[in-house]
Amino acid sequence: MEYVEGRDLQLMVKEDGPMDYLVAADFIRQAADGLAHAHKAGLIHRDVKPANLLVDQRKWSKSWIWLGPIYSRRPSVAHRCL
C-alpha cells in the first residue's frame with residue numbers, strides 16, 4: 001500500500017468534531033465503491049472502521065478516501081490485484 005499523506009476519519013472527527021453530512025455521505029460512498037471493487041476481485045477488507053479510511057487531499061481539489069489493508073482468500077490473488 002502506498003503512503004497516504006493525510007488523516008484518517010477517526011482522527012478528523014476527534015480533532016475537528018462532526019463533519020457536514022454531505023461530506024460524510026461522500027466518504028461513505030467512496031468507501032463502499034472501493035469495497036465493492038475489491039469484492040469483485042475476490043479481495044476482502046477485514047477491518048473496516050474510521051481509523052482505516054484515510055483522507056488524501058494532496059493530489060486533487062477534492063478529498064479522496066483510501067481503504068486500509070485489503071486481503072485475499074487466496075494469497076496469490078492479492079499480489080496480482082494490488
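All values reported here derive from a predicted model rather than from experimental measurement.

J.: Quick question: what am I supposed to make of the overall build of the protein here?
T.: Secondary structure assignment for the protein yields 3 helices and 5 strands. Ordered by position from the N terminus, the helices and strands of the protein form the series β-α-α-β-β-β-β-α. Here the protein holds 82 residues, and 29% of them are scored as buried. Residue pairs at least 24 apart in sequence account for 65% of intrachain contacts in the protein once pairs closer than 6 positions are excluded. For the protein, the accessible surface area stands at approximately 6,000 Å², while carbon and sulfur atoms represent 57% of it.

J.: Any chance you could explain the confidence of the model for the protein here in plain terms?
T.: Regions with low pLDDT should not have their predicted coordinates read in detail. Residues at a pLDDT of 70 or more form 65% of the protein, whose mean pLDDT is 76. The model gives residues 77–82 a pLDDT under 50, and that stretch makes 9 contacts with residues more than four places away or in other chains.

J.: Explanation requested: the nonpolar core in the structure shown.
T.: Ranked by size, the top nonpolar core spans 6 residues in total: L9, M12, F27, A31, L53 and V55. Broken down by secondary-structure element, the contributors of at least two residues to this core are α1 (9–16), α2 (21–40) and β3 (53–56).

J.: What is the right way to look at the pattern of salt bridges in this model?
T.: It is possible for side chains of opposite charge to pair when their charged atoms get near one another. With the rule as written, the count across this model stands at 5 salt bridges. Bridged by salt links that share partners, the residues R7, E15 and D16 form one connected network.

J.: Explain α2 here, please?
T.: Every α-helix carries 3.6 residues per turn, so stepping three or four residues along brings you back to the same face. For α2, spanning 20 residues, the distance from its first C-alpha to its last is 28 Å, which sits close to the expected 28 Å at 1.5 Å a residue. For α2, every residue scored as buried is listed here: D26, F27, Q30, A31 and A38. On an axial view of α2, the arc spanned by its buried residues comes to 135°, and they lie on one face. Relative to its buried face, α2 has exposed residues pointing more than 90 degrees away, namely Y21, L22, I28, H39 and K40. Between the side-chain oxygen at the start of α2 and the backbone nitrogen of L22 there is a gap of 2.9 Å, and the oxygen is on D20.

The rules behind these values
Residues numbered from 1 in each chain as written. Predicted model: local features only at pLDDT ≥ 70, side-chain atom pairs only at ≥ 80, totals over all residues. Heavy atoms only, no water. Helix = DSSP H or I, 4+ residues; strand = E, 2+ residues; numbered from the N terminus. Buried < 20%, exposed > 50% of the residue type's maximum accessible area, 1.4 Å probe, protein only. Contact = heavy atoms within 4.5 Å. Areas by Shrake-Rupley, 256 points an atom, 1.4 Å probe, with all protein chains shown as cover. pLDDT = per-residue confidence, 0-100. Core = buried A, V, L, I, M, F, W, Y, C linked by side-chain atoms within 4.5 Å. Salt bridge = Lys/Arg side-chain N within 4 Å of Asp/Glu carboxyl O. Expected span 1.5 Å × (residues − 1). Arc of directions from axis to C-beta. Polar contact = N/O pair within 3.5 Å; in protein donor to acceptor, adjacent residues only side chain to side chain.

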